[in-house]
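# Fold and contact review
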Amino acid sequence: MQRFEGDLTQQEGLPDASIDRAIELLRSGRLHRYQTGDAESEAAAFEREFAAWQGTEYCLACTSGGYALFLALLAYGVKPGDAVLTNAYTLAPVPGAIAHAGGRPVFVECDDDTVIDLADLEVKIKQSGARVLMVSHMRGHLVDMDALIAILTANGVDLIEDCAHTMGAAWNGTRSGNFGIAACFSTQTYKHINSGEGGLLVSRDPELIARATVASGSYMLYERHGAGPETGAFDGARFQMPNCSGRMDELRAAILRPQLAQLDAQVERWLERYRAVESALSRSNAARLRDRPAQEVFVGSSLQFRVTAFSPAQCEALVRHARARGVELKWFGAPEPHGYTSRHDSWRYVSAQTLPETERVLSTLFDIRIPLTVSVADCAVIGEIIVAAIAVAAAAEAGG
Ligand SMILES: *Cc1c(COP(=O)(O)O)cnc(C)c1O
């Protein structure tokens, strides 16, 4: 049986243009975005380019995706104790950002396709009285955005999108991130463009971006910010917002700009790889993958499947057999959290909530990352290894 010899955590190196510009900047010592005199800063240039690529008005770059989520909530006006709706199945920085802004996370169940459950959303809106939903497009899966917007509009609930896994994705021709009053992206190493750490907040609302800019630590230098709204938009914000220092530096912005230029081509490369794993997995009757909706353009930087018939022991055996052949699977049903946490019961600072559907779905849900260093041929091998591991786990545990 074949073994996968690659590394599912290895991202590609950065483009030469990123490296060259980084070295120039390091030689210059001018690494602060408000220190560039009359020249446009790298940070402002990147914000301008990202907003244009995204098809929105404004982008504010900051220190991390989680920080961008926090800024969005703060600038939106979340007050201490306010209920904020979000997915029960998401990554830890999402409830963390809500807590950071003083809000109270109210978790909404996920459905069998791992997206937010719209029926439960309606229930939780009524129960909580929340005015805002921070929807997390977890692992790049978009819920039916038309249905979501209809529910939110009918109930007067605002939308902030967590697009950490959907930079480059779209629903019915509209880019993910353009559906609500604001959206956030991450440029952390495992996302779609890589500056180690970094976050982006986008919006069409000049006042919201002005409040976020002051909160991100612009001091009274916001007139030098570059890519932001007109000075007048800052009138309400300049003395009202706390400075929660979290600016993006020149170095990170500089290495992101050439990556943004390549992003559309990278999305194509991810799709080829996703389809190769998916096609191998389709040969297993036990593995259940989401049929990707026709309205969705997605970025295949990771893949999820469920083995709904498996017991916890069989799930553990599957992880073990796949690992023995070099494929590291993440199982969301593991009793003890390790690595990155995505389960509501790992976030005990939030009051305990009952989420049986989410727990049921996560109990047999598996995930792999698909970095672009892995070839399309290797993706097929990974898929075959998973199919074989499922068969072995099914037989061994059923017989024993
Ligand atoms: C990575 C991630 C974030 C933000 O992450 P940072 O590490 O703070 O940049 C937010 N939501 C989801 C779902 C993520 O995976």
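Quick caveat, the model's predicted, so the values are computed rather than measured. Think of each chain on its own: its residues are numbered from 1, step by step along the sequence as written. Under the rules for a predicted model, residues below a pLDDT of 70 receive no local features and side-chain atom pairs below 80 are neither given nor counted, while totals for whole chains, interfaces and linings still include all residues. Neither water nor hydrogens contribute to the side-chain values; these are computed over all heavy atoms in the structure.

Moving on to the domain arrangement of the chain. You can read the domains of the chain as domain 1 (16-257) and domain 2 (262-399). Where each domain begins and ends follows an automated or database-derived domain assignment. Computed from C-alpha atoms alone, the centre-to-centre distance between domain 1 and domain 2 is 27 Å. The contact criterion used is simple: two residues touch if any of their non-hydrogen atoms lie within 4.5 Å. Of the residues lining the interface, 37 residues belong to domain 1; the matching set on domain 2 comes to 37 residues. Interface of domain 1 and domain 2: buried area, both sides summed, is about 3,200 Å²; carbon and sulfur atoms make up 55% of it. Each salt bridge in this description consists of a side-chain nitrogen of Lys or Arg and a carboxyl oxygen of Asp or Glu lying within 4 Å of one another. On the surface where domain 1 and domain 2 come into contact, there are five salt bridges. Here R306 ties to D112 by a salt bridge, and the two come within 2.8 Å at their closest N and O atoms. Note on definitions: buried area is the accessible-area loss of two parts on being combined, 1.4 Å probe, summed for both.

Turning to the sheet that holds strand β4 (residues 132-136), a few remarks are in order. Two modes of strand pairing occur in sheets, parallel and antiparallel, and in both the strands are linked by backbone hydrogen bonds. Spatially, seven strands are ordered β1-β9-β8-β5-β4-β2-β3 in an open sheet, and the strand pairing comes out mixed. Two strands close off the open sheet at either side, each with one partner strand: β1 (58-62) and β3 (104-108). Averaged over all neighbouring strand pairs, the angle between strand axes comes to 20°, with direction disregarded. For β4 and strand β5 (residues 158-162), the ladder comprises five bridges, and the chain directions are parallel. In the strand pairing of β5, V132 is matched with D158. Taken strand by strand, helix α6 (residues 145-155) contacts β4 and β5, and its axis lies near 145° from that of β5. Note: two strands are recorded as paired if DSSP finds a minimum of 2 bridges between them. To qualify as a helix, a DSSP run of H or I must reach at least 4 residues; to qualify as a strand, a run of E must reach at least 2; elements of each kind are numbered from the N terminus. Axis definition: a line fitted to C-alpha atoms, limited for helices to the stretch in contact. Angles are taken between N-to-C directions and run from 0 to 180 degrees.

Approximately 960 Å³ is the volume attributed to the largest pocket. The pocket and cavity definitions rest on a 1 Å grid over protein atoms only: a 1.4 Å probe that fits but cannot leave marks a cavity, an open set with protein on both sides within 12 Å along at least five of seven lines marks a pocket, and residues lining either have an atom within 4 Å of a point. The wall of the largest pocket is formed by 42 residues, among which R139, K330, Y340, D367 and R369 lie closest to the centre. Listed by contribution, the elements that provide at least two residues to the lining of the largest pocket are α9 (312-324), β12 (330-331) and β13 (365-369). Here the residues of the lining of the largest pocket are counted per class, giving 16 nonpolar, 13 polar and 13 charged. Grid points are joined across faces, edges and corners, and a volume is the space filled by probe spheres set on the points. Side-chain classes follow a simple rule in which Ala, Val, Leu, Ile, Met, Phe, Trp, Tyr, Cys and Pro form the nonpolar group, Asp, Glu, Lys and Arg form the charged group, and the remainder, Gly included, forms the polar group.

A few words now on the sheet that holds β12. The antiparallel open sheet is built from three strands, whose spatial order is β11-β13-β12. Since the sheet does not close on itself, it has two edges, and those belong to β11 (302-306) and β12, each with one partner. Where β12 and β13 come together, two bridges link them in antiparallel fashion. Its bridge partner being in β13, K330 is matched across the sheet by D367. Contacting β11 and β13, helix α8 (residues 250-281) crosses the sheet at an angle of about 20° to β11.

A word on the pattern of salt bridges. All told, the structure shown has 22 salt bridges when counted by the stated rule. A salt bridge links R360 to D112; the shortest N-O distance between them is 3.2 Å. Remark: D112 occurs in the loop between β3 and α5 (118-128) and R360 occurs in helix α10 (residues 356-362); sequence separation between them is 248 residues. Judged by its relative accessible area of 35%, R360 falls in the partly exposed class. In this structure, the salt-bridge partner of R175 is D264, at a minimum N-O distance of 3.9 Å. Placement of the pair is R175 in strand β7 (residues 174-175) and D264 in helix α8, with a sequence separation of 89 residues. Relative accessibility under 20% of the residue-type maximum defines a buried residue, over 50% an exposed one, and the middle range a partly exposed one, all with a 1.4 Å probe and only protein chains included.

Positionally, T90 belongs in the loop between β2 (83-87) and α4 (93-100). Here a polar contact is taken to be a pair of N or O atoms separated by no more than 3.5 Å, where protein atoms must pair a possible hydrogen donor with a possible acceptor and residues adjacent in sequence count only if both atoms sit in side chains. At a separation of 2.7 Å, a polar atom in the side chain of T90 contacts the side chain of S136. Excluding residues within four positions of it along the chain, T90 makes contact with P95, S136, M138, D162, T341, S342 and W347.

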